[in-house]
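Fold and geometry: a report
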Amino acid sequence: MRKFFSLFLGAAVLATPLAGSSAASAATTTVSASSLVTCSLSGATGATAKTVFAPSGITAGDAVDDTRGIQAAIDRAGAAGGGVVPIPSGTYVIDGHLQMRDGVQLDGAGRTTVLKAGPRFLQTEHWFGGYPLVTTTGAKNVTISDLSTDASGDVLAAAALPNRLTQWMVDVRRSSNVLVERVHTRNPFAYSIGVIGSKNFCVKNSSTLGPQVDHYNQLDGIHINTSSFGDVVGNVVDQGIRTGGDDGLVAHAQFGDVHDVRYVANKVRGGDRGSGLQLAFTKPGARVYNITVQRNEFYGARWGGVRTGTYGSGVVNLSNVQIGGAGLGNWFHDGTGNAVNLIGAVNGITVSGNRACRLGTYVVKTGQGNTITDNVESSTTSSC
């Protein structure tokens with residue numbers, strides 16, 4: 001995301017415990033990450049029907065567009081009340097935009113199932129003017145699982161598209177009960193995995209790579225926008241392999257509130273234009289609240305770990321955020337900026353049990369119910 005945010009801190013709370021204090025022991029006691037990688041807040045189950053609707057007329061590894069064959073199978077499954085559309089191992093050319101239907105699971109054979117944007121991919125926009133490889137638009141009870149998506153941003157002439165950020169590579173939009181699990185993205189020219197206007201969603205055990213050529217910017221990894229009741233858990237996000245990578249994770253109040261979202265047990269390298277997790281505001285009066293940030297590793301970003309940001313006429317309105325906790329602290333390391341930098345109208349913020357290494361401190365503007373306790377920071381390698 002573009003960076004339009006105030007550097008005015010106002011009255012702030014800072015915490016720097018001494019090494020060897022009780023804070024140090026609190027920060028190093030941990031809870032198993034694997035036990036936290038669940039869809040516990042969203043309750044998302046995705047599709048549950050098991051009838052198989054195999055696509056016909058698709059061939060891995062050739063240069064022929066496979067969109068029609070896969071879409072026909074998705075449509076048949078949706079018309080039957082739901083089912084599984086299996087995609088075997090191999091690379092399949094997609095020159096259109098796959099549209100999920102109610103009750104359907106699009107299920108690959110693992111990372112080796114690749115849906116790859118073809119040479120004519122940019123010739124057709126989707127309904128909202130963007131270029132998703134797979135979108136859920138309006139569908140409910142949907143699963144996208146065990147596959148890779150490749151937007152071919154390294155070879156397509158996408159850099160000059162005025163609306164390239166309108167829709168995203170894996171696009172969960174205006175949907176409910178959606179599970180995105182073990183989905184891996186590469187070569188983006190827009191955000192990699194996005195959730196917009198949706199509820200009861202879970203993005204789990206997936207991975208994203210930032211721009212793999214140097215002519216893109218503003219690219220986020222997993223971007224949650226105007227959505228609620230979600231889990232973003234167990235993912236690996238890397239925005240730093242080339243220049244132009246932006247935020248690893250985002251909660252964005254662009255059109256309305258974002259609330260009740262867990263960011264837990266993710267490994268996130270932010271980009272040279274971004275942060276680990278940005279809590280962003282665009283619509284005046286829109287809020288971000290009830291956010292949990294626990295047991296993540298944030299590193300390498302230009303703007304640090306967790307921070308607030310504003311866009312256009314947006315104003316920070318952030319409340320009830322838990323960053324860390326006893327045995328649930330985050331690890332912030334290596335980069336510039338602060339481990340935590342929350343400014344503006346922020347209330348009910350708890351930052352505890354975290355550790356920061358070779359990075360800035362914990363900054364939270366003074367507000368009602370804000371506490372920073374039992375965190376550790378160190379500039380030395382041995383303490384990391």
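These figures come from a predicted structure and were not determined experimentally.

1. Some remarks on the overall build of the protein
- Along its length, the protein carries two helices and 31 strands.
- Rg of the C-alpha trace for the protein: 21 Å, near the compact-globule value of 21 Å for 384 residues, within the 12% margin.
- Taking the principal axes of its C-alpha atoms as reference, the protein extends roughly 65 × 40 × 40 Å.
- Across the 384 residues in the protein, those meeting the buried criterion constitute 58%.
- At a minimum sequence separation of 6, the contacts of the protein that also span at least 24 residues come to 76%.
- Looking at the protein as shown, the accessible area adds up to about 13900 Å², and 53% of this sits on carbon and sulfur atoms.
- Put simply, the protein has 30 plus and 26 minus side-chain charges, and the middle of one group is 3 Å from the middle of the other.

2. So, the side chain of Arg164
- Along the polypeptide, Arg164 turns up in the loop between strand S8 (140–150) and strand S9 (170–173).
- For the buried Arg164, no salt bridge is present, and the opposite-charge side chain at shortest range is Asp246, 8.7 Å distant.
- Polar contacts involving the side chain of Arg164 include one to the main-chain carbonyl oxygen of Phe189, which spans 2.7 Å.
- Within the structure, the side chain of Arg164 is placed 3.2 Å from the backbone oxygen of Asn217, a separation counted as a polar contact.

3. A short note on the pattern of salt bridges
- A complete count under the given rule lists 13 salt bridges for this structure.
- For Arg120, the salt bridge goes to Asp95, with nearest N and O atoms at 3.1 Å. Of this pair, Arg120 sits in the loop between strand S6 (113–117) and strand S7 (134–135) while Asp95 sits in the loop between strand S3 (90–94) and strand S4 (98–99); the two residues are 25 residues apart in sequence, bridging distant segments of the chain.
- A salt bridge links Arg262 to Asp231, with the shortest nitrogen-to-oxygen separation between them at 2.7 Å. Taken as a pair, Arg262 in strand S18 (residues 258–264) and Asp231 in strand S15 (residues 228–233) lie far apart in primary sequence, 31 residues in all.
- Classification of Arg262 by relative accessible area gives buried; the value is 11%.
- Sharing partners across several salt bridges, the network here consists of Asp146, Glu181, Arg182 and Lys204.

4. Digging into the nonpolar core
- In terms of nonpolar packing, the biggest core is built from 83 residues, with Leu106, Phe189, Leu318, Phe332 and Leu342 touching the most fellow members.
- When residues of this core are assigned to their parent elements, the largest contribution, four residues, is made by helix H2 (residues 67–79).
- Residue contacts for Phe189: discarding those within four places in its chain leaves Phe121, Leu122, Tyr131, Ala151, Gly153, Ala158, Leu161, Arg164, Leu165, Tyr216 and Leu219.
- The next biggest cluster of nonpolar side chains, apart from the first, holds ten residues, and it includes Leu179, Val233, Val264 and Ala265.

5. What to know about the packing of aromatic side chains
- Applying the stated rule across the entire model yields four aromatic pairs.
- Ring geometry for Trp168 versus Tyr191: centroids 5.1 Å apart, planes at 40°, classification tilted. Highlighted residues: Trp168 in the loop between S8 and S9 and Tyr191 in the loop between strand S10 (176–186) and strand S11 (193–196), separated in sequence by 23 residues.
- When its relative accessible area of 8% is taken as the criterion, Tyr191 is described as buried.
- A centroid spacing of 5.5 Å and a plane angle of 15° characterise the contact between Phe298 and Phe332, whose relative ring orientation is stacked. In this pair, Phe298 is assigned in strand S22 (residues 297–299) and Phe332 in strand S25 (residues 331–333), connecting sequence segments 34 residues apart.
- Looking at Phe332, the relative accessible area reads 0%, which means it is buried.
- An aromatic cluster of at least three residues, connected via ring pairs, comprises Phe298, Phe332 and Tyr362.

Conventions we followed
Residues numbered from 1 in each chain as written. Predicted model: local features only at pLDDT ≥ 70, side-chain atom pairs only at ≥ 80, totals over all residues. Heavy atoms only, no water. Helix = DSSP H or I, 4+ residues; strand = E, 2+ residues; numbered from the N terminus. Rg over C-alpha atoms; globule rule 2.2 N^0.38 Å. Buried < 20%, exposed > 50% of the residue type's maximum accessible area, 1.4 Å probe, protein only. Contact = heavy atoms within 4.5 Å. Areas by Shrake-Rupley, 256 points an atom, 1.4 Å probe, with all protein chains shown as cover. Lys, Arg positive; Asp, Glu negative; His and termini not counted. Charge placed at Lys NZ, Arg CZ, Asp CG, Glu CD. Salt bridge = Lys/Arg side-chain N within 4 Å of Asp/Glu carboxyl O. Polar contact = N/O pair within 3.5 Å; in protein donor to acceptor, adjacent residues only side chain to side chain. Core = buried A, V, L, I, M, F, W, Y, C linked by side-chain atoms within 4.5 Å. Phe/Tyr/Trp six-rings, centres within 6.5 Å; stacked < 30°, edge-to-face > 60°.

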